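The lines below spell out each chain.
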Amino acid sequence: MRILSIETSCDETAVALLSFSDTGGSVACQVLGEKLYSQAEKHAAYGGVYPNLAKREHQHNLPHLTHDLLQELNLLSDDPSVLCTDEMASWCDRDQDLFNTAKELFEKKAVHGIDRIAVTRGPGLSPALWVGINAAKLYAALWNIPIIPINHMEGHIVAALLSRDKCLITPAYPLLALLVSGGHTQLVLSESANKYQILGGTVDDAAGEAFDKVARLLGLPYPGGPEIARLAKEARKRDLTSSVSLPRPMSKDETYNVSFAGLKTAVRTVAEKTAFSEDEKKALARELEDAVTETLLAKLQRAIEAYHPRSVVLSGGVAANEHVRTAVKTLVQSYPSVDYYQPTARQATDNAVMIGVAAYRRQNVTDNPANLTADPNLSLAT
């Protein structure tokens, strides 16, 4: 099976073509091609993702990335019967620019060797999600290919189940997933494949959001997470410690919820009274990284003790953070009966490969592509 996958939930425009084959007892996954465009530089002036800018960038870039990918793989051919109809245009009523660009690139072009189209349905930024949804519907109609809608957070979970030799791992259940990104921080329990129970999540700012907001207070460039990690690493090398002691919010709370907005408030309170030297910024970055990591570990350990999972997954954009990765892996490995999985740092952030992998595992083709909608608040539990 070959799956063309699309991811536009935030500020990464991504498309990939994956090939899956059952080799007798295991499933091999080959990434035939992948295109990804990061909008981070364009959003830097706003200190975060500006939704309508993200939408416009997706509208322009997604058709071109798809065209370049298919052309490089020699999957496009001339066919005068492939036409963009008024009905297709009506599906893209929110994205006329997308329709016009796709029509210019794909009208009278047939595609070969694609069995399914996978697309992120949610959660995410509504304007950004709609671009991916409308592109998927348009491609599906042009080339008569079924669509598989995918939950973005499930994509992050399965990103950790792609082995280094590109085989899909079948984990032992129950599986406990710690999903940590700029928009979400969740502990998710999976008793069996494709079934999820959310144990807890953020009540305000997610972990990655806390990194970005504190980085902005310190005058660091966007995105702030990698900058915080860079400074924290330097602080550890030089053993710099901060005079500011940050809270470990809700770490002793008996729920599995987290709250990171207080970290930003604590830093702002100090920043309003004093200017930080470069060394003080490095030390504070270390303190922030420690506070977030220790809070996550406390929640994860409580869940491991309560639910006795056989597998634990760490994923999401913050899972690219070296300190977080090491700390979580060390904790889980203290439980010898528990398997541990994490994606590569590159696959931890938003990408289309994870959406394709999730689609292969699910294969839940939508019955009526024309009625497919984006859902910015889509829950894993539905």
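The structure this text deals with has already been given above.
All figures in this text were calculated on a predicted structure; none of them were measured in a lab.

**Thoughts on the pattern of salt bridges**
By the definition in use, this model includes 18 salt bridges. The residue Lys-109 makes a salt bridge to Asp-78 at a minimum N-O spacing of 2.6 Å. Remark: Asp-78 occurs in strand S4 (residues 76-78) and Lys-109 occurs in strand S5 (residues 109-111); sequence separation between them is 31 residues. Among the residues examined, Asp-78 registers a relative accessible area of 61% and is labelled exposed. Put simply, Glu-209 and Lys-213 hold a salt bridge, and the shortest N to O gap is 3.2 Å. With a gap of four residues between them, Glu-209 and Lys-213 both fall in helix H7 (residues 207-217), about one helical turn apart. On the accessibility criterion, Glu-209 (24% relative accessible area) is partly exposed. For Lys-213, a relative accessible area of 28% corresponds to the partly exposed category. Here the salt bridges do not stand alone but share partners, grouping Glu-227, Arg-230, Glu-234 and Lys-282 into one network.

**Here's the deal with the packing of aromatic side chains**
This model, assessed by the stated rule, comprises five aromatic pairs. Pairing Phe-106 with Trp-143 gives two aromatic rings, centres 5.2 Å apart and planes at 85°, and the pair type is edge-to-face. Highlighted residues: Phe-106 in helix H4 (residues 96-106) and Trp-143 in helix H5 (residues 126-143), separated in sequence by 37 residues. For the pair formed by Phe-106 and Trp-143, the shared burial category is buried. Among the aromatic residues, those joined into a ring-pair cluster are Phe-106, Tyr-139 and Trp-143.

Definitions and limits used
- Here the residue index of a chain counts from 1 through its sequence in written order.
- The model is predicted, so local features are restricted to residues of pLDDT at least 70 and side-chain atom pairs to those at 80 or more, both for listing and for counting; the totals for chains, interfaces and linings are taken over all residues.
- Calculated side-chain values reflect all of the structure's heavy atoms, with hydrogen atoms and water omitted.
- When a carboxyl oxygen of Asp or Glu lies within 4 Å of a side-chain nitrogen of Lys or Arg, that pair is called a salt bridge.
- Only DSSP runs of H or I covering at least 4 residues are called helices, and only runs of E covering at least 2 are called strands; the numbering of each starts at the N terminus.
- Classification of residues uses two cut-offs on accessible area relative to the type maximum, computed with a 1.4 Å probe and protein chains only: under 20% is buried, over 50% is exposed, and between them is partly exposed.
- Stacked, tilted and edge-to-face are the three classes assigned to paired rings of Phe, Tyr and Trp, where Trp is represented by its six-membered ring and a pair needs centres within 6.5 Å; plane angles under 30 degrees give stacked, over 60 edge-to-face, the rest tilted.

Honestly, that's just the spatial picture; any functional story needs more than this.
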